[in-house]
Amino acid sequence: MNVGIHYTIEEIAKICKGKWRNRNTSFSQLSYLSLDTRKISYPSETVFFAIKNNLRNANLFLESLYQKGVRNFVTDDQSIDFTQFKEANIVMVKNTVAAFQKLAIFHRNRFLKEQLTVIGITGSNGKTIVKEWLNQLLEKEFSIVRSPKSFNSQIGVPLSVLNITSSNNLAIFEAGISQPGEMKNLEKIIQPQIGIFTNIGNAHDEGFKNTKQKIREKLQLFMNSNHLIFCSDDERLASEIRSFKKKYSQLKVFSWGRKSSNTLWIKEIKKENSLSLVEAIYQRKKFRIQIPFTDEASVQNAIHCWCALFIVHKNTETIRRHFTSLYPIEMRLELKSGINHCDIINDSYSNDFYSLGIALDFLNQQKHHKFHTLILSDIVQSGVEPEKLYRDIASLLQQKNIDKFYGVGTDIFSQQKVFEGLKSTSFFKSTDDFLKNIFISGFHDETILIKGARQFEFEKISHILEQKVHQTVLSINLNSIVHNLKQYKEKLKPSTKIMAMVKAFGYGSGSYEIASVLEYNKVDYLAVAYADEGIELRNAGITLPIMVMNTDSSTFDSVVNYNLEPEIFSFNLLNDFTGFLRKSEIENYPVHLKIDTGMHRLGFMENEISSLCKKISFNKFIKIKSVFSHLAASEDPAEDAFTLSQFDTFKSCCTKIEKTLNYTFDKHIDNTSGISRHPEMQLNMVRLGIGLYGIDSNKEMQKKLKNVSTLTTTISQIKKIKAGETVGYGRKAKVEKESVIAVVRIGYADGYSRRLGNGKGKMLLKNTLVPVIGNICMDMTMLNVTGIKDIKEGDEIIVFGESLSLQSVARWAGTIPYEIMTSISQRVKRIYFEE
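Scoring rules and cut-offs
Residues numbered from 1 in each chain as written. Predicted model: local features only at pLDDT ≥ 70, side-chain atom pairs only at ≥ 80, totals over all residues. Heavy atoms only, no water. Axes fitted to C-alpha atoms, helices over the stretch in contact; angles between N-to-C directions. Helix = DSSP H or I, 4+ residues; strand = E, 2+ residues; numbered from the N terminus. Parallel < 35°, antiparallel > 145°, perpendicular 65-115°, else oblique. Left-handed = near helix turned anticlockwise from the far one by under 90°. Contact = heavy atoms within 4.5 Å. Nonpolar A, V, L, I, M, F, W, Y, C, P; charged D, E, K, R; others polar. Pairing = 2+ DSSP bridges. Salt bridge = Lys/Arg side-chain N within 4 Å of Asp/Glu carboxyl O. Buried < 20%, exposed > 50% of the residue type's maximum accessible area, 1.4 Å probe, protein only. Core = buried A, V, L, I, M, F, W, Y, C linked by side-chain atoms within 4.5 Å. Right-handed = clockwise from strand over helix to strand, strands pointing away. Expected span 1.5 Å × (residues − 1).

Undergrad: What is the right way to read the packing of helix H4 (residues 127-138) against helix H9 (residues 296-311) from this model?
TA: A packed helix pair is summarised by two numbers, namely the angle formed by the two axes and the spacing between the axes. Here H4 crosses H9 at 50°, and the two axes come no closer than 9 Å. On the basis of the axis angle, H4 is oblique to H9. Considering how the two elements wind past one another, H4 and H9 form a crossing that is right-handed. Touching Ile129, Val130, Trp133, Leu134, Leu137 and Leu138 of H4 are Ser298, Asn301, Ala302, His304, Cys305, Ala308 and Leu309, all from H9. Grouping the amino acids of the contact of H4 with H9 by side-chain chemistry returns 10 nonpolar, 3 polar and no charged.

Written as structure tokens, this is what we have:
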């Protein structure tokens, strides 16, 4: 999280009401503000705000930032040792988040007298889409600044507001809250003249007593506004807004809905052929818009935007025609496999300087390839002089170490000179020009970020660069991985380390992609099943310590060459590895000892510990990094007595080993279920596996996790069959009446178990569960879709995901979620995305 600013450290100290310590005026002029230790490109020009929360204390990273060249800090850590930062400016404040918000409020107040209209958007759903659609409709009429992505929190809103410049005359910011009291802070920062309340739903219900309280808290955003747009069809919302208006008489409500009493009276909504025609009356005049969507949410979002056009006096025929060109908002960065061993990041969400920085940070997280490429279109309607804009972009690309750059568009074409400092550049006046002149064979073994404004139709470029595979896709939400990691971190003591399990191809989700996210989010260790998995991670650029759980003499060379750390579970393995190290003249090589406390799989038995201690007491060739064991039934309350006995045995073994070695090591026995059910067993490290992927047997913990993986396929063919006819190999399924069968593009070669055949398994089509009919084939599965209306070949089918849980599929197959996840074959296309 970084943003451009133009304040001195002295001004920041004054604005934030902080004490300026360790003054060094040679570093006082600032150009950037950062909250993220991992995303600082210009250290000497950056002020870092050190924020502490339940999950992370940024103050712990100040010394490393200082070593990297950062010389300006805002912190509330009273224990900081100023002698460690002799050349730095340090501003001491009471609360860093509050100080950051004060800076944003000051910045917003600088533009009170200027011709800046500010629209504030809140509600349970649709905030980001309304904001982006307003930008699409009005970008040619105004110089717009808006919230990047979904930046609507206590941190995201200040970051958004700090982007306001004197060239902007329209600002669109969204605001979200999760508990009472938060919106008052955001109101002071945004200060909207025009408000939009999209709707009220169930999001964040847990933070409020009831729906009324949640509506009232959200309405605080508009207590100084002049206009408020809302749909009066929801009486809960309409009633609260009527009461709210009585307190704030300056507020003019702009309601829309089916009743004639509304400001915008919606007379009719006609839906046909993927289009919706909305007819309405405003001040006794008829108007209409047409949008390329038919779902209710999109229609509501479009009408909210239409209402805003009336208020800003832009309800012209020309702009109303723009509604037909609204496009879906992709609120995520997607990582896909590309041609010639490339990875493709497709970011078609927006193209402005700030979102470019976010996308480049995501690109730099990808370590699978050392070579990074950017394909960038013109940045339209930026409000900045082209020469300055593209000079800033060129500087940013140099800081981000872009190896190859392609510029597309007349503006960027005319500014070629400012990019001369980059390693490799090519420029084209249009997307068609790029496609005609580029050699696809020139892209190989690189990660390519495709970043273009919608009008440049960069999906054409994405299409030719993406690897062509069949239409069964496993989508992995990297934000959900991070969310789940944070949920488990909240269960741990600050000193407890995390070893993340990425074995079995990351539980089927992809090893290096998941490992990269985990490394970025500061886990302490990774664990894999076999050496070749660890080698793949090293080749992909992963630098975290990696424990290998199954090694033998044939892999010792690879283990050492790739700096992997073997699990030692038997005397034979200990003797063999020690002998290898002796011959290789290697001492103090890191290893991990496995103790069998009752699982009876791998590991030293309790009665072998004395012999083990003798073996390792004078072994100079190994260094014990950790001792661990595996809980057999940590998820089962009926087995808690056995789990406790395992823990007692483990502690006893560790004590004996520690006395023998005379040095300490990490100890870990808690797994995913253990973290949530047995917090007393944390010790100084835990192993987190399937919980990262959104699965926990503890029902209370499961409620806090987010779905990570969604497996989808498509309908290949639809056919009607007569009563008495059979379906599939072996003629195991016979229909009793005329039926409709959909053949979908997934079979047991893709990992869809044959145990799910003949009605045991189900898939989701148009929010309806439909049963598998007949045996599962190698590449295809048949579904009985009789009675489902308006289906066609190519329709998407959900195999599992948010709306059809992995646990349900596992239950139908008579197995566990682990098996379902790890069975998804490599030929199934993986798409990784960040929202």
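Undergrad: Can you walk me through the side chain of Glu240 in this structure?
TA: Tracing the sequence through the fold places Glu240 in helix H8 (residues 235-247). With residues up to four places along the chain from it excluded, the contact list for Glu240 reads Lys212, Ile215, Arg216 and Leu219.

Undergrad: What am I meant to see in the sheet that holds strand E25 (residues 546-550) here?
TA: Adjacent strands of a sheet pair through backbone hydrogen bonds, lying either parallel or antiparallel. Strand order in the open sheet formed by 8 strands is E29-E28-E27-E26-E25-E24-E23-E30, with parallel pairing between adjacent strands. The strands lining the two open edges of the sheet, one partner per strand, are strand E29 (666-668) and strand E30 (685-688). Ignoring strand direction, the axes of neighbouring strands in this sheet form an average angle of 30°. Of the pairings in the sheet, the one linking strand E27 (residues 589-595) to strand E28 (residues 622-629) comprises 7 bridges and is parallel in character. Within E28, the residue paired with Tyr589 across the bridge is Ile622. Its contacts with the sheet put helix H23 (residues 640-661) on E27, E28 and E29, and the angle it makes with E28 is roughly 170°.

Undergrad: Help me understand the pairing of strand E35 (residues 762-765), please; the structure alone is not making it clear to me.
TA: Along any regular strand the residues' side chains alternate between the sheet's two faces. In this sheet, strand E36 (residues 768-771) lies alongside E35 in antiparallel orientation, the contact comprising 4 bridges. Following the sheet pairing, Lys762 is matched in E36 by Pro771.

Undergrad: In this structure, what is going on with the packing of helix H22 (residues 609-617) against H23? I would like to understand it.
TA: In the contact formed by H22 and H23, the axes pass within 9 Å of each other and the chain directions differ by 25°. By the angle between their directions, the pair H22 and H23 is classed as roughly parallel. Crossing of H22 over H23 shows right-handed handedness. Where H22 abuts H23, its residues Ile609, Leu612, Cys613, Ile616 and Ser617 lie against Cys653, Lys656, Ile657, Thr660 and Leu661. Per-class residue counts for the contact of H22 with H23 are 7 nonpolar, 2 polar and 1 charged.

Undergrad: Just checking my understanding: could you explain the pattern of salt bridges for this structure?
TA: Opposite charge on two side chains permits them to pair, given that their charged atoms come into close proximity. Tallied over the full model, the rule gives 31 salt bridges. Among the salt bridges present, the one from Asp666 reaches Lys497, with a minimum N-O distance of 3.2 Å. With Asp666 in strand E29 and Lys497 in strand E23 (residues 497-501), the pair connects residues that are 169 residues apart, well separated along the chain. Asp666 gets classed as buried once you look at its relative accessible area, which sits at 10%. Judged by relative accessible area, Lys497 falls into the partly exposed class, the value being 32%. Through salt bridges with shared partners, one network takes in Lys131, Glu132, Arg146 and Glu174.

Undergrad: What am I meant to see in the nonpolar core here?
TA: Most often, soluble globular proteins keep nonpolar side chains buried together rather than apart. Counting 128 residues, the largest nonpolar core has Phe405, Phe419, Leu518, Leu526, Phe577 and Ile657 as its most contacted members. Residues contacting Ile657, with those up to four places away along its chain left out, are Leu593, Ile595, Ile609, Leu612, Cys613, Ile616, Val627 and Phe665. In terms of nonpolar packing, the next biggest core, distinct from the first, is built from 57 residues, Ile15, Ala99, Phe197 and Leu237 among them.

Undergrad: How should the sheet that holds strand E15 (residues 285-291) be read in this particular structure?
TA: Across the sheet, which stays open at both edges, the 9 strands sit in the order E8-E9-E7-E10-E11-E12-E13-E14-E15 with mixed pairing between neighbours. Where the open sheet ends on each side, the last strands, each with one partner, are strand E8 (144-146) and E15. The average undirected angle you get between the axes of adjacent strands in this sheet is 20°. Judged from the 3 bridges that link them, strand E10 (residues 194-197) and strand E11 (residues 227-231) form a sheet pairing that is parallel. Of the residues in E11, the one forming a bridge with Ile194 is His227. Packing against the sheet, H9 makes contact with E10, E11, strand E12 (252-257), strand E13 (264-272), strand E14 (275-282) and E15, and its axis sits at approximately 140° to E13.

Undergrad: Whenever I open this one, the pairing of E25 confuses me. Can you help?
TA: Of all 5 residues that make up E25, 4 are buried, and the element is covered over most of its length. By the bridge criterion, 4 bridges tie strand E24 (residues 525-530) to E25 in an arrangement that is parallel. Of the residues in E25, the one forming a bridge with Leu526 is Ile546. Read as a crossover between parallel neighbours, the route from E24 over helix H19 (residues 531-539) to E25 is right-handed. Between the parallel pair E25 and strand E26 (residues 565-568), the chain is carried across by helix H20 (residues 556-561), and the sense of this crossover is right-handed.

Undergrad: For this particular structure, what's the right way to read H9?
TA: Since the α-helix turns once every 3.6 residues, residues separated by three or four places project in the same direction. An ideal rise of 1.5 Å per residue puts 22 Å on 16 residues; H9 measures up with 23 Å between its terminal C-alpha atoms. Across the 16 residues that make up H9, a large majority, 13, are buried. His313 sits one or two residues past H9 and shows a positive phi near 60°.

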